[in-house]
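Letter by letter, the chains look like this.
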Amino acid sequence: MFADLLRRLTDPRPEPLPDADARLALGALLVRIARADGTYSVEEAERIDRILATRFALDSDAAIKLRADCEIMEAEAPDTVRFTRAIKDAVSYEDRIAVIEALWEVVLADGQRDAEEDALMRMVAPMLGVSDPDSAHARQRAAQRGGA
């Protein structure tokens, strides 16, 4: 399952992702940002669960299972550059802004903004094709919802 999705994500011209694959790709990116500072906290995992549950209308158990699958996917995923560029080519701009907002929620979940997380966010937003102002607004919305 993961191998096929990874192959499609890294294809030179990825197709739009089916819903199940889009869920895995988004979740894997959320896990990647949570792990960026070398610490994957309970708060970050719980925030990912809430994001996945809300975004995909899942109950708690289904969100936890999806996150577990996303953790496996993230560990097997290619470097962040190819991964995010593939998502950019397969996901609408509005959805990419929502991805940036979700990523900021995870970054802010533990109440700390680490240099590694900030550096990854500075790299990911442009790779997803999200403008600096849209990324800044996404961060502000995430912070207002209780990230930090």
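Residues numbered from 1 in each chain as written. Predicted model: local features only at pLDDT ≥ 70, side-chain atom pairs only at ≥ 80, totals over all residues. Heavy atoms only, no water.

A. Local environment of the packing of helix α2 (residues 19-35) against helix α7 (residues 115-127). Contact geometry for α2 and α7: axes closest at 8 Å, N-to-C directions at 140 degrees. If you check the angle between α2 and α7, you find them oblique. Of the residues in α7, those in contact with R32, I33 and A34 of α2 are E117, L120 and M121. The residue inventory of the contact of α2 with α7, partitioned by class, reads 4 nonpolar, no polar and 2 charged. (Axes fitted to C-alpha atoms, helices over the stretch in contact; angles between N-to-C directions. Helix = DSSP H or I, 4+ residues; strand = E, 2+ residues; numbered from the N terminus. Parallel < 35°, antiparallel > 145°, perpendicular 65-115°, else oblique. Contact = heavy atoms within 4.5 Å. Nonpolar A, V, L, I, M, F, W, Y, C, P; charged D, E, K, R; others polar.)

B. Fine view of the nonpolar core. Residues L30, I100, L103 and L128 are the most contacted members of the largest nonpolar core, which totals 37 residues. Counting only elements with at least two residues in this core, the list comes to α2, α3 (42-56), α4 (60-76), α5 (80-90), α6 (93-109), α7 and α8 (132-144). With 9 residues, the top contributor of residues to this core is α6. The residues touching L128, leaving out its near neighbours within four places in the chain, are L29, T84, I87, K88, R96, V99 and I100. (Core = buried A, V, L, I, M, F, W, Y, C linked by side-chain atoms within 4.5 Å. Buried < 20%, exposed > 50% of the residue type's maximum accessible area, 1.4 Å probe, protein only.)

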